Amino acid sequence: MNELEKFENLLETKLGINKTLKKGEVVRGRIVKIDERTVYIDIGYKVEAIMPREELPEEVKENDEIKGILVKFSKGVPVLSFQRYLSERLYGFLKSAYEKGKFVEGRVEEVLENEYKVNVSGLKATLPKSEARQGLRKNSRVVAKIKELSVSSSGVNIVLTEKDFIEQIRKRRKERLLAKLKVGDVIDGKVIKIDPEKGITLLVKNTLRAFLPKEELSWGRDKNPYNYTEVGERLKVKVKRIPKDGEFIFVSLRELKGNPWDKAKELISKGQILTGKVTDITDKGVLVEVLEGVEGFVPKDEVSYDNKMPKKWDTVNVKVLEFEPKHRKLILSIKRTLPKPWEEYIQKHPVGSKVKGKVEKFESASAIVDLEGVKGIIHRSDLSWVKPGRVEEVLKIGEEREFAVLGLEGKYVKLGIKQLQDNPWDIFVKKYKVGDRVKLKVTSIHPFGAFLEFPEGLEGLLPLSEIDNIKDIKVGDELEVRIIDITPNSKITLSTKEEKKTEEIINEGSESGFTLGELLKKKMKL
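Residues numbered from 1 in each chain as written. Predicted model: local features only at pLDDT ≥ 70, side-chain atom pairs only at ≥ 80, totals over all residues. Heavy atoms only, no water.

We now examine the packing of aromatic side chains. Considering all chains together, one arrives at 9 aromatic pairs under this definition. Summarising the aromatic geometry, the rings of Phe82 and Tyr85 are spaced 6.4 Å apart at their centres and angled 35° between planes, so their arrangement reads as tilted. Here Phe82 pairs with Tyr85, and both are found in helix α2 (residues 82-100), just 3 residues apart, close to one helical turn. According to the relative accessible area criterion, Phe82 is buried, its value standing at 12%. (Phe/Tyr/Trp six-rings, centres within 6.5 Å; stacked < 30°, edge-to-face > 60°. Helix = DSSP H or I, 4+ residues; strand = E, 2+ residues; numbered from the N terminus. Buried < 20%, exposed > 50% of the residue type's maximum accessible area, 1.4 Å probe, protein only.)

Put into structure tokens, the structure is as follows:
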């Protein structure tokens, strides 16, 4: 070694430039330069040491002193790690916190897609978003437990969780909320679960769970929770019970609305027409809900005119027949809100129309006829223009035939058969008059006289007083008679005797005590 080399070695020794460095050694130095990726540190070595910029807190600046562990040489340049220095220095503390389940504090340095990077006493820790509170931002304070702790060549790996802290906060909030809450309070909660068999679970102030049994949904029969709310919606309810354990409180939706029968007093009156929903159908009638929790009964004979029953949950109109809110009694009618079928029928088939019907049964001197859902009635007097026979002789049960519509008779459509033909009386009064003499055939003989038939089908009565001797005639005989009286659409009176002259009438009158005027009126049927 020459003199120059000896001098250089001596200088390096004096300046400390030729000192030796070992991996794992703690090195102290001063920051001389910071760029986007690298921190340059003067450690008294022949070259400056470097450190990744990301390892240092943001507040570090040039001329600050810093310590780090020598992790390697890169092309003769010492590479330091501040994080490793911190981790080795803090490892004991972190390990104790991890093993004992103690909380550590830090601040969010970086917000990534699925996790947060948290500075814990200078060390970088990972906080997955699934383990964190909602709404954390950069610089947010974090109180967490160490979920994972491991050491590798790159340093200490720390994974945090805030779940225990979140639960602790929730528990404290819950205790404060329960301390203020009392039965009867109205609260607001978010629907977090719906069980169609049991009820609805709500979360009050993100802290306290409240259960709404399906029996407490409504005063009415609709107990399907899905008809009242959906998951995620907010629901206002009334506190009904607070158990000692405080895990759940029990609430009611229907009690917010008050007793519906009290409300019904103001809204319902006798004779009123309401709209309701069919809630049940029984052998005796139908139940209809007209207000939530207020059901009325429709007796079977008040449901419809044709015995047709509605379906469950059908919407129907009802008329109030009886209302006693004190006894929760409400009697309704559906059919009294419906058009009367016989009135609808007569609108479609006005008087004079021809309709077809089936003979259903006989009642006294009438027949009941089925007319496509309504009932018709035909009386004996409307069977024929001439002397009608018995109803049973003209009509047969089950027979289908044509009838004329005559009008309404109560809930029946009044029918006729004779009206389907021309009225023979119209022809008769044009053709005949009192005093006419005609030859007619005897159709029947009775104790009071005999009936004779005109060609038009009408019969005239020949009274005993107008026959010389009824024993001299028999059915089938043809007699010459004189018309002595005509009552249109009713009767014709006949006589076989000759018409008496006025002198004879006067003589008869004087003998009987009648005046002339009275006799003439009698004769002329005045």
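Glancing now at unusual backbone geometry. Positive phi values are uncommon outside glycine, yet Asn63 reaches one of about 80°. Assignment of secondary structure puts Asn63 in the loop between β3 (49-52) and β4 (65-74). For Asn206, which is not glycine, the phi torsion reads 55° and is therefore positive. Within the secondary structure, Asn206 is located in the loop between β12 (199-204) and β13 (208-213).

On to the sheet that holds β12. Taken together, the 5 strands give a closed barrel; going around it, the order is β11-β12-β13-β15-β14, and neighbouring strands pair in mixed fashion. Averaged over all neighbouring strand pairs, the angle between strand axes comes to 55°, with direction disregarded. In this sheet, β12 lies alongside strand β11 (residues 186-195) in antiparallel orientation, the contact comprising 5 bridges. Paired with Lys193 across the two strands is Thr201, which belongs to β12. (Pairing = 2+ DSSP bridges. Axes fitted to C-alpha atoms, helices over the stretch in contact; angles between N-to-C directions.)

A few words on the sheet that holds strand β21 (residues 354-363). If you trace the 5 strands once around the closed barrel, you get β21-β22-β23-β25-β24, paired in mixed fashion. Averaged over all pairs of adjacent strands, the angle between strand axes in this sheet comes to 50°, irrespective of strand direction. Pairing between β21 and strand β24 (residues 400-409): 5 bridges, direction antiparallel. Bridge assignment links Gly357 to a residue of β24, and that residue is Arg401.

Right, let's get into the nonpolar core. Grouped together as the largest cluster of nonpolar side chains are 38 residues, with contacts concentrated most on Ile158 and Leu160. Apart from residues no more than four positions distant in its own chain, Leu160 is found in contact with Val104, Val118, Val120, Ala125, Thr126, Leu127, Pro128, Glu131, Ala144, Lys145, Ile146 and Lys147. Counting residues in hydrophobic clusters, the runner-up holds 19 residues, among them Ala450, Leu479, Val481 and Ile483. (Core = buried A, V, L, I, M, F, W, Y, C linked by side-chain atoms within 4.5 Å. Contact = heavy atoms within 4.5 Å.)

This part covers the side chain of Arg482. Along the polypeptide, Arg482 turns up in strand β29 (residues 478-487). Here Lys497 takes part through its backbone oxygen, which lies 3.0 Å from a polar atom of the side chain of Arg482. (Polar contact = N/O pair within 3.5 Å; in protein donor to acceptor, adjacent residues only side chain to side chain.)

On to helix α4 (residues 260-267), then. Along α4, the positions that sit buried rather than exposed are Pro260, Trp261 and Ala264. In a view along the axis of α4, the buried residues occupy a sector of 90°, so they form one face of it. In α4, the exposed positions that point more than 90 degrees away from the buried face belong to Lys263, Lys265 and Glu266. Buried residues along α4 sit against β17 (285-291), β18 (294-299), β19 (315-324) and β20 (329-333). Its side-chain oxygen 2.9 Å from the backbone nitrogen of Trp261, Asn259 forms the N-cap of α4. (Arc of directions from axis to C-beta.)

Judged by side-chain charge, Arg172, Arg173, Arg176, Lys180 and Lys205 come together as a positively charged surface patch. Tracing the backbone shows Arg176 in helix α3 (residues 163-180). (Patch = residues over 30% accessible without salt bridge, like charges linked within 9 Å, V, L, I, M, F, W, Y side chains within 5 Å. Areas by Shrake-Rupley, 256 points an atom, 1.4 Å probe, with all protein chains shown as cover. Salt bridge = Lys/Arg side-chain N within 4 Å of Asp/Glu carboxyl O. Lys, Arg positive; Asp, Glu negative; His and termini not counted. Charge placed at Lys NZ, Arg CZ, Asp CG, Glu CD.)

With that out of the way, let us pick up the environment of Leu136. Tracing the backbone through its elements, the reader meets Leu136 in the loop between β8 (123-128) and β9 (141-152). With relative accessibility at 10%, the residue Leu136 sits in the buried group. Separated by 55 residues in the primary sequence, Leu136 and Val191 have C-alpha atoms spaced 25 Å apart.

The topology assignment puts Asp477 in the loop between β28 (459-463) and β29. Setting aside chain neighbours within four positions, we find Asp477 in contact with Leu440, Lys441, Val442 and Asp472.

The values reported here are purely geometric and, on their own, carry no functional implication.
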